[in-house]
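# Results of the structural survey
One letter stands for each residue in the lines below.
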Amino acid sequence: MPQNIVEKILVSHLKEGDFVKGQEIGIRIDQTLTQDATGTMAYLQFEAMGLKEIKTDLSVSYVDHNTVQVGFENADDHRYLRTVAARYGVVFSRPGNGICHQVHLERFGKPGTTLLGSDSHTPTGGGIGQIAIGAGGIDVAVAMGGGLFYTAAPKVYLVNLTGELREWVTAKDVVLKMLELLTTKGNVGVMLEYGGKGVKTLSVPQRATIANMGAEMGVTCSVFPSDSVTKKFMKAQGREADWSELKADRGAKYDRVIELDLSSIELLAACPHSPGNIKKIAELAGGHVDQVCIGSCTNSSYRDMMTVAAILKGHKVKPGLTLAIAPGSRQVMQMLARNGGLADLLDAGARIQESACGFCIGNHFSPKSGGVSLRTSNRNFEGRSGTADAQVYLVSPEVAALAAITGEFTDPRKSGIAYPRIKEPSSFKADDVMFVKPSPELRNTEVVRGPNIGEPPKNDRMSEKLDGAVMIHVGDKITTDHIMPAGARLKYRSNVPKYAQYVFEPVDSTFHKRCLENKAAGGHNVIVAGESYGQGSSREHAAMCPMYLGVKAVVAKSFERIHAANLINFGIAPLTFRNAADYDAIKAGDKLTCSDWRAAFAEGRPVILKNGRTGASIECVSALSRRQKAILTAGGLLNQTTGK
Ligand code: MIC
Ligand code: SF4
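Reference entry: report on the structure contained in this document. (Residues numbered from 1 in each chain as written. Chains lettered and ligands numbered in written order. Predicted model: local features only at pLDDT ≥ 70, side-chain atom pairs only at ≥ 80, totals over all residues. Heavy atoms only, no water.)

Contact pair helix H12 (residues 330-339) / helix H13 (residues 341-348): the axes reach a minimum separation of 4 Å and the direction vectors enclose 80°. Viewed along their axes, H12 and H13 adopt a mutual orientation that is roughly perpendicular. Residue-level inspection shows Leu336, Ala337 and Asn339 of H12 in contact with H13, the latter providing Gly341, Leu342 and Leu345. (Axes fitted to C-alpha atoms, helices over the stretch in contact; angles between N-to-C directions. Helix = DSSP H or I, 4+ residues; strand = E, 2+ residues; numbered from the N terminus. Parallel < 35°, antiparallel > 145°, perpendicular 65-115°, else oblique. Contact = heavy atoms within 4.5 Å.)

Shown next as structure tokens:
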């Protein structure tokens, strides 16, 4: 049987289950990555599960999210991460080395392998031919210890690329076009495979930009073939030996084929407040801009930065506008510093940032009140920038750089600026001094925890009955940024009781208090939501902190993949309305009860909730595998593995 690329990689890593669409399979993970904001909890859980060493080919711990270091908390987290990595055999990427996805692509990504990362943009590795998947920290901890990763055998969509991008049109525009086509919801259980003659016209970093923002579509991952372009990139990184060819067999089958002619793509922007709210730059031209931020794991490669430098050369940043630039990795920064690109950026008036997530996670560079910010990152959820009423647009580095000069949305083709033709270098500067590689001596390192680093919270086993109260009733597309804000709150990631005070802060700041009161009175807390609940990040705190507050169930019209898995891992039942209309009949404050819900889960029956106010019976479903039922009824994965 001819196989597509997804099948080739998954089938060669299949360890449990049959490869039947929609059914759960267990796959072997070759590489893992963590970042500091999810990593501290991942390693705390690794330790709590009693795991003793790394069993993957490679596990890397990056420090890139929380590098602001106001107060002692971040620095203590970094020390914990450094010592725990040394102790268990994980490569440690020191703060300043760059954003995990950019650095992993440069230094470690390997075609044909599997990568699991505790960050939703891990699929960036698809640009180099990896099946790279984002997951909650505890799933990554299990994989580090040699356990399998479980996911549904996917539907595979082929994106058949033809033609070639026109001048000024970029990989960002390709993925924004894909977001227009597939939207930000409804793609759960899908993997995208890019193919066709157009693939060879895209460089590895361009492919990575496209794979990166598959996360915004909710697909499990996106993967590109590994071809001569991949080989050239890896050779330039001094890693030719890691290259292998990867392509779909002739006659391989797909669940859907999406035709995309690269030459027909327009310059696009994602408008406030969703990556799926797409408009043409031509329609936005002339609109005022206050701030421009260039960087993030989506668009911070050498070519992106050099293109920006070439556009800015000889120009000045518009007075009154702020331009922030964060090169994605130390490697990119070093090369810019050596070839003069950095000087051009500084001459223009750019504010150079550390190679880290920075503005993208909203822990600095928040725009002014109501400010319009053009960013090259991947998420523009309301409030994520740190300013509740900011208007954030997602655009290519090219469009962002031009706006920094003109102070408005500018169609580059009408700007009079010559199109900069930047080539991928034939050799990258790769010195690796900011990695601490594992060694036998380092295995004796003492793991050091600071005072802000607590134990992973425990849960009770699932109770026989649900005695629920609806603590909040929210709408569609609730993101993990709504549930568990990052930004200024990020430094509490290692301290669950403290961080839990901010659950649903942007939506209803009384949520945590009311939950704790009801929990203390012996009640169960319930969240009711619309479609696509839990969009966005992989942060398991969006499940772990509600668990700490006594949330036992989320009843929604639909869930996003990573968040649904995280809920189960923390013993919170993800329940889907059988009839979406029941959603409207529930109000905040309603009592929702079920006399046999644990048995219903265990036996795979629908869960019937009784609304105390209306007397209505609400039928809910939850298509769980046998493994997931066992985790849920045990009160979560940590309970299950530690036998609590
Ligand atoms: C994000 O972009 O939202 C983050 C911050 O990288 C998250 C991870 C986290 O919350 O730590 C993600 O994408 O998974
Ligand atoms: Fe970091 Fe932003 Fe990428 Fe998340 S999306 S990993 S915060 S750069």
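So that's the structure; there's more coming.
Let us look at the nonpolar core. If you look at the biggest cluster of nonpolar residues, it comprises 99 residues, and the most contacted ones within it are Phe504, Phe511, Tyr533, Leu575, Trp597 and Leu609. Those residues in contact with tryptophan 597 that lie beyond four places of it in its chain are Met462, Ser463, Glu464, Lys465, Leu466, Lys552, Ala553, Ala573, Leu575 and Val607. (Core = buried A, V, L, I, M, F, W, Y, C linked by side-chain atoms within 4.5 Å. Buried < 20%, exposed > 50% of the residue type's maximum accessible area, 1.4 Å probe, protein only.)

Right, let's get into the site of ligand 2. As a structural note, the neighbourhood of ligand 2 is formed by His65, His101, Asp119, His121, Ser296, Cys297, Cys357, Cys360, Ile361, Asn378 and Arg384. Each residue belonging to the shell around ligand 2 can be placed in one class, and the counts come to four nonpolar, five polar and two charged. (Near = heavy atom within 4 Å. Nonpolar A, V, L, I, M, F, W, Y, C, P; charged D, E, K, R; others polar.)

By the criterion of burial, strand E10 (residues 190-195) is predominantly enclosed, with six of the six residues buried. Bridge count between strand E9 (residues 155-162) and E10: six bridges; the pairing is parallel. Pairing of valine 159 across the sheet is with tyrosine 194, part of E10. Regarding topology, helix H6 (residues 171-182) serves as the crossover connection from E9 to the parallel E10, and that connection is right-handed. For E10 and strand E11 (residues 221-223), the ladder comprises three bridges, and the chain directions are parallel. Counterpart to methionine 191 in the pairing with E11 is cysteine 221. (Pairing = 2+ DSSP bridges. Right-handed = clockwise from strand over helix to strand, strands pointing away.)

With that settled, consider the sheet that holds strand E1 (residues 14-16). In a beta sheet, neighbouring strands pair by backbone hydrogen bonds and run either parallel or antiparallel. Across the sheet, three strands lie side by side as E1-E2-E8; this open sheet has antiparallel pairing. Two strands in the sheet have a free side with no partner beyond their single neighbour: E1 and strand E8 (149-152). For this sheet the average axis-to-axis angle between neighbouring strands, irrespective of direction, equals 50°. Direction of pairing for E1 relative to strand E2 (residues 24-27): antiparallel, over a ladder of two bridges. What sits directly across from glutamate 16, in E2, is glycine 26.

The subject of this paragraph is the environment of valine 474. Its location among the elements puts valine 474 in the loop between strand E21 (466-473) and helix H15 (480-483). Given the relative accessible area of 5%, valine 474 is considered buried. For valine 474 and tyrosine 583, which are 109 residues apart along the polypeptide, the C-alpha to C-alpha distance reads 9.9 Å. Beyond its immediate chain neighbours, meaning those up to four positions away, valine 474 contacts Phe504, Val507, Val528, Ala529, Gly530, Tyr533 and Tyr583.

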